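# A look at the structure
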Amino acid sequence: MDFRWCLCLLIVLFINYCGSIRHGQNLIWAQTPTKRFSVSRLVGIEGDPAEWVTTGTVKVHHISAPHSGWEFKALAYQYSTQTLYWSESMNKHIQGLVLNGTTDTNKMVSGVSPDVEGLAVDWISNNLYWTDSLFNWIKMAPLKSNVSSYKIIVQDGLDNPHGIAVHPHKGYLIWTDWGERPRIELADLLGQNRRILVDTDIYHPRGVVIDYKENRLFWVDSKKDTIESVAFNGMDRKTIVTQDGSNFYAIAQYDKYVFVTEQSKGHLKIFDKNTGNNYISYKLTYIPYAIIMYDEGSQVGDSSECDDFSCDQICVNDPIAGPSCLCGDGFSTTDDGKTCDAEMKFSMPSHVYAISDAICQYPANLAYISLTNVTLDNQCYLDDRRGYLALTFDARNHNLYFSANNTKTISRVRLELGSNATTIIGGTGVVRGLALDWIAGNLYWTDSTFKVIKVARKDGTFQKIVISTDLKSPLGIAVHPKRGQIYWTDTGSSPKVEKSFMDGSNRTLIMDSKNLGSPNHIFIDFVKDRLYWSDSVLNHVRCYDLITGRITVFFSLEKSKFYGISIFKDFLLWTDTDSMNGLHVARIDQKKKIRGIIHPADGIAADLITYDEQNQPLFNENTTDTSPCQFENNECQQLCLRGPNMTYYCECGLGYSLDDNMKTCSSTVIRNNFLIVTDAYQKQIYQIGTTNGVVHAIDMTIRHQPIAVDFDPIRLRVYWSDNTARIIKGANLDGKFPDLVAGLSEKSVADGLAVDFINRLLYYTDTGLDTINVISLDDYQQKVVLFSKDLDEPRAIVVLPNDGTMYWTDWGFNPKIETAEMDGTNRETFLLLEKDSWPNGLTVDRKEKVLYWADAKYNKIESVSINDQTTRRVILQQTENAHYFGLAIMGSYLYITDWKKTYISRISKDGGTLEQFGPKQFTRLYGIYGYNSSELVRGNSMCLNNNCEHLCLPKPNGYHACRCRTGFVLNNDLQTCTIESNTTSTPTTSFTPSSKSSTRKSSIINTSTLPSTTTTTTTTTTTFTPSTTYSKRIISTSTSFPKQVSTEVMPSITTVSGYNDGGGLPTGSIVAIVIFVIIALIIVIVIGVVAYRKYYSYNIPHGRLVEDTKVNHFYRITYPDNNKDELTIDSGIENPTFDCFNDEEERNKTTF
């Protein structure tokens, strides 16, 4: 018998089960069962691996979750306190357990997402760090039993943070990120001074661990199937193990061993960290997650310095500066630098309602709180007059969803300090009703403009119309995930209340117009299984018993215009939109109103929600009744919509069709005669057949918002920019083989792309940095800035490779179209446009040599011959409200994207009537490209057989020029490149136009109406900063103005006793004059402030918060925690199968 076979058999025979995990040297990992009713466990192998790896005799201990719903993921430990920490996905907690035999856990953090996949302990500062890949941040919290604060330390630029490790003695915090730009980063213990360790040849970096003795970092890459290591300076990178077909998840290290968990086959593997030799592997019956080596030798030192420093909340012991104190989010440090004061916050449960101009919040006990000093000013936030109408929420993910009528968008904001509001759906009509199916993760809304009810994933993707017929003015909407039904009101000419299954089937009338006045919003009591709706004409609230079908008048009050509605405990709450405009409360048992907060002339009250987990029950808790559409745990690829009797239907978003298996979605590829468009809010790129107008989605996952787009017709690859992720990417037309073309800077805004498929080049504009750039499509490292001066707002760009020329639009202070040779030389203004023009889209008829452009300011499309500027003419002058963005030519038509329309428009290139092309199912269309193989203009590359070391760029008349990539300069031979001595200067071409340049474009143009594609169109820094008076806000936001006056206007004064030699005024008179001037100036400022408030605020008692990205204050939300789950410690493993195998045995499918 083979020796390795014998060793494996011996290992199986010598497993001993010895009760719970005990303090001492242990290899510990988390594992989740593959069987539905089994429980998640923490498993440990006791002892020194140097002994049990070689002998095969292991002692296994473990800790089991209290029930099958739990799921352990991340692990960490603090040896000095004998404490093991873990993240748990179901309850969204981070907990700790002292390994002394107790079952009493310590809840360290509540309210985390289910995807906390990295934990690390700083045992010197006594802090816990964790990564959260759903919220894309890294947080820290003190390991103090009497402190429950936490702090977000990293969130900018994170996409999918996973593993995390800390080196307290060096002051290092290290984490992996496997998002759009995968990398490993290093920072200090507060997440500052970040630098990238690895960002090349890395795909899905997951678990990470530090070898403290050799000062190296080890990590696993689940896509490359590798175990790798690198020094802390990013050098000396090594690949230790490569195993194709593996799905490595986590890694631990001890002595010469590395331990990894592998999820595709459920393995625990042990390798030599130097040679990669696979010592032993265990086949588990569970899916393993995190793994740690619980060992004293890896945590040298203690927290005595921080303990003696007596910080109120968080202490960070920097290895150079020593210990310092800081406060968690929602708290601020006092003058002593050690203690912390709580900032303003609101908690769950609480009542939130929209008042058009703002969103306001009151505590749950609104009925009995003192109203002394309670004003809209300190109860409202997001007070920027966006026309807020509808609200809904996601209690367990702490998100608020809202519609804004002024921008025709639906947005989401996490109700926690420092969060940003993100637009997830755009291009809507008037949305007055929102409802979240928190089980399936679907968002429903009513749209009274387009007369539809729609559904999408809760991130706004895969939108679909559910109801589109026989709707007049849909308003309120509610969902019942357990029943699989949606309910809505219609306030049209024949008002009604209806219901259907979540897919829109089995539509049923609940009450018709005979008994209705104006039914508005809806509330469901899931405990009593009753539906309520308000009626502002009949002045009452009706109740519909979902079990019996009985309908009764639940509450009525004369002259009350019931609109928004909620029930909390024994109280009915509603908003009134008439003379009693505001928020009102009544006791249900007494049928009596007990409180009203009114603001008749200030902000029209709209929707109302009670932000409470009880209003979003899980239904199946402690039962086997599992929803078939449970979010991220259902068989549908895109949308899962409930039907009757626990049935469900899979649906697909725009451009996809349901496969024969009725679960997955796919899209066919159009090979010829098609348009390509980007839809930013649907996070999708589409093909539209020009022969039939049918939409086909390019089947790939886009995490953010595609903007500009172009196409390589030879290699059939589509390229697009993403101004949220700050990237340019490419993929095949079928969505396969996506790759990152360029990672852009944080200020970049790439609005225009142009592919030169003949010379394999990609040109793009960057209106954030005001540059025009080019990248080689054969080597993405070869890229250079062609223009960096005298650009204002460059946007669309086209290239003519056979002519060696390019054209671009600039919608800045002096709008124009410019041209240059494709190597960046001979730049000139091609055409000056009208003042304030917004030349967005640009396309070229390559055969006729005619340029076409779309003007979003004046709503027109124009053309001009490249060879004769006197041929300029207007193709279309639109009188209706429009906002053109993209433009493409194909055949005899021009195709246009318009932000104000949910469809593509087209017009003959010779002029005529603008017409709809394709369906009205898009949201916010940006870039557009048209392809017809018969119109393709081919050519020979001017760069064939060139000797350019870096970039070869075409020029007119068959010539080419060599250029060096950024950071290099061209040598005298005009072909080779040398590293530039001063790499901070990247511009390679300068140009000074004859027209006068603007010194500051934003001082002239109203940026609130600019056709910008920056993330400000989708992300708003929502600043929950209560203040006592509006005047204080005005003063605080203008504190920089007096400094400018003092430094630029006030002359220096020398004080002299008595009169001066020139017979000037005495000192006393000068002082009196100065005081008089100051008093007069104060009076003028006060009058100005009063006039400003009167003119802009219309006497609203709350101020509109300026969207200042530098402000990071936010209301903080806290949650009561009544979860009493406790761990259980087992004395043995259920059905233990810790089988040992080697790779050959695995291939032969040998089992024990």
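The structure presented is a predicted model; accordingly, all values stated were derived computationally and were not measured.

Cut-offs and rules
Residues numbered from 1 in each chain as written. Predicted model: local features only at pLDDT ≥ 70, side-chain atom pairs only at ≥ 80, totals over all residues. Heavy atoms only, no water. Helix = DSSP H or I, 4+ residues; strand = E, 2+ residues; numbered from the N terminus. Contact = heavy atoms within 4.5 Å. Areas by Shrake-Rupley, 256 points an atom, 1.4 Å probe, with all protein chains shown as cover. pLDDT = per-residue confidence, 0-100. Phe/Tyr/Trp six-rings, centres within 6.5 Å; stacked < 30°, edge-to-face > 60°. Buried < 20%, exposed > 50% of the residue type's maximum accessible area, 1.4 Å probe, protein only. Lys NZ or Arg CZ within 6 Å of the ring centre and 35° of its normal. Pairing = 2+ DSSP bridges. Axes fitted to C-alpha atoms, helices over the stretch in contact; angles between N-to-C directions. Disulfide = S-S within 2.5 Å. Patch = residues over 30% accessible without salt bridge, like charges linked within 9 Å, V, L, I, M, F, W, Y side chains within 5 Å. Salt bridge = Lys/Arg side-chain N within 4 Å of Asp/Glu carboxyl O. Lys, Arg positive; Asp, Glu negative; His and termini not counted. Charge placed at Lys NZ, Arg CZ, Asp CG, Glu CD. Polar contact = N/O pair within 3.5 Å; in protein donor to acceptor, adjacent residues only side chain to side chain.

### So, the overall build of the protein
Within the protein one finds 8 helices and 87 strands. Here the analysis covers contacts within the protein between residues at least 6 apart in sequence; of these, 50% occur between residues at least 24 apart. On the protein, roughly 47,900 Å² of surface is accessible, and the fraction owed to carbon and sulfur atoms is 49%.

### A look at the confidence of the model for the protein
With 82% of its residues at a pLDDT of 70 or more, the protein shows a mean pLDDT of 82. With pLDDT under 50 throughout, residues 1-17 is counted as low confidence; its partners more than four residues away or in other chains account for 35 contacts. Contacts for the low-pLDDT stretch residues 1092-1152, under 50 throughout, to residues beyond four places or in other chains number 197 contacts.

### Focus: the packing of aromatic side chains
The tally for this structure, following the rule as stated, stands at 33 aromatic pairs. Ring geometry for Tyr 895 versus Phe 917: centroids 5.5 Å apart, planes at 70°, classification edge-to-face. Highlighted residues: Tyr 895 in strand E78 (residues 893-898) and Phe 917 in strand E80 (residues 915-917), separated in sequence by 22 residues. Judged on exposure class, the residue Tyr 895 and its partner Phe 917 are both buried. Note that Lys 338 overlies the ring of Phe 309, its terminal NZ or CZ placed 4.4 Å from the centroid.

### Comments concerning the sheet that holds E78
The strand order E77-E78-E79-E80 describes an open sheet built from 4 strands, whose pairing is antiparallel. One side of each edge strand has no neighbouring strand; the edge strands of this open sheet are strand E77 (884-890) and E80. Adjacent strand axes in the sheet meet at a mean angle of 35°, parallel and antiparallel pairs treated alike. One ladder, built from 4 bridges, connects E78 with strand E79 (residues 904-908); its direction is antiparallel. Across the sheet, the residue bridging to Leu 894 is Ile 907, located in E79.

### Examining the state of the cysteines
Working definition of a disulfide: a covalent bond connecting the sulfur atoms of two cysteines. Going through the model one piece at a time under the given rule, you end up with 10 disulfides. Across a sulfur-sulfur distance of 2.0 Å, Cys 327 and Cys 340 are joined as a disulfide pair. What sets the handedness of the Cys 327 and Cys 340 disulfide is the S-S torsion sign, and at about -90° it is left-handed. Taken together, the positions of Cys 327 in the loop between strand E27 (322-326) and strand E28 (331-333) and Cys 340 in strand E29 (residues 340-342) put the pair 13 residues apart, joining distant regions of the chain.

### Overview of the environment of Ile 164
Within the secondary structure, Ile 164 sits in strand E13 (residues 161-167). The class of Ile 164 is buried, set by a relative accessible area of 6%. When the C-alpha atoms of Ile 164 and Glu 117 are compared, they prove to be 8.7 Å apart, with 47 residues separating the residues in sequence. Beyond its immediate sequence surroundings of up to four residues, Ile 164 is in contact with Gly 118, Leu 119, Ala 120, Tyr 129, Thr 131, Ile 138, Leu 173, Ile 174, Trp 175 and Val 208.

### So, a negative patch on the surface
Together, Asp 302, Glu 305, Asp 307 and Asp 308 make up a negatively charged patch on the protein surface. With respect to the helices and strands, the residue Asp 302 is situated in the loop between strand E25 (286-294) and helix H3 (304-309).

### Observations regarding the side chain of Asn 442
Turning to its location among the elements, Asn 442 is positioned in strand E38 (residues 442-447). A distance of 2.9 Å separates a polar atom in the side chain of Asn 442 from the backbone oxygen of Cys 640. Other than its neighbours up to four places away in sequence, Asn 442 contacts Ala 435, Leu 436, Asp 437, Val 455, Ala 456, Arg 457, Lys 458, Leu 639, Cys 640 and Leu 641.

### Structural notes on the pairing of strand E51 (residues 582-587)
Regular strands place their side chains on alternate faces of the sheet. Burial within E51 is extensive, with 5 of its 6 residues counted as buried. Taken together, the 6 bridges between strand E50 (residues 571-576) and E51 define a ladder with antiparallel strand orientation. Within E51, the residue paired with Trp 574 across the bridge is His 584. The antiparallel hairpin formed by E50 and E51 contains 5 residues in its connecting segment. Examined bridge by bridge, E51 and strand E52 (residues 592-598) share 6 bridges and lie antiparallel to one another. Residue Val 585 lies in a different strand from E52, and its bridge partner there is Arg 595. Between the end of E51 and the start of E52, which pair antiparallel, lie 4 residues, with Lys 591 showing a positive phi angle near 50°.

### Some points on the pattern of salt bridges
Per the counting criterion, the structure on display carries 38 salt bridges. Of the charged contacts in the structure, one is a salt bridge between Lys 860 and Glu 834, with a shortest N-O distance of 3.4 Å. Here Glu 834 lies in the loop between strand E72 (828-832) and strand E73 (839-845) and Lys 860 lies in strand E75 (residues 860-865), a separation of 26 residues in the sequence. Residue Lys 860 is classed as buried on the basis of its relative accessible area of 9%. A relative accessible area of 33% means that Glu 834 is categorised as partly exposed. Between Arg 872 and Glu 834 there is a salt bridge whose closest N-O contact spans 3.1 Å.

### Things to note about the side chain of Lys 683
Relative to the helices and strands, Lys 683 is located in the loop between strand E58 (674-679) and strand E59 (684-689). No salt bridge is formed by the buried Lys 683, whose closest oppositely charged neighbour, Asp 459, lies at an N-O distance of 4.5 Å. Discounting residues that sit within four places of it in the chain, Lys 683 has contacts with Asp 459, Thr 461, Ile 702, Arg 703, His 704 and Pro 706.

### Section: the pairing of strand E4 (residues 58-64)
A large share of E4 lies buried, amounting to 6 of its 7 residues. Note: strand E3 (residues 41-46) against E4, 6 bridges, orientation antiparallel. In the strand pairing of E4, Ile 45 is matched with Val 60.

### Things to note about unusual backbone geometry
In this structure, Asn 215 is a non-glycine residue whose phi angle is positive, near 55°. Here Asn 215 lies in the loop between strand E17 (205-211) and strand E18 (216-221). Although it is not a glycine, Asp 255 adopts a positive phi angle of roughly 55°.

### Describing the environment of Arg 216
If you trace the backbone, Arg 216 turns up in strand E18. Ignoring any residue separated from it by four or fewer positions in sequence, one finds Arg 216 in contact with Val 209, Ile 210, Asp 211, Ser 229, Val 230, Ala 231, Phe 232, Asp 236 and Lys 238. Within the structure, Arg 216 has its side chain in polar contact with the side chain of Ser 229 (distance 2.8 Å).

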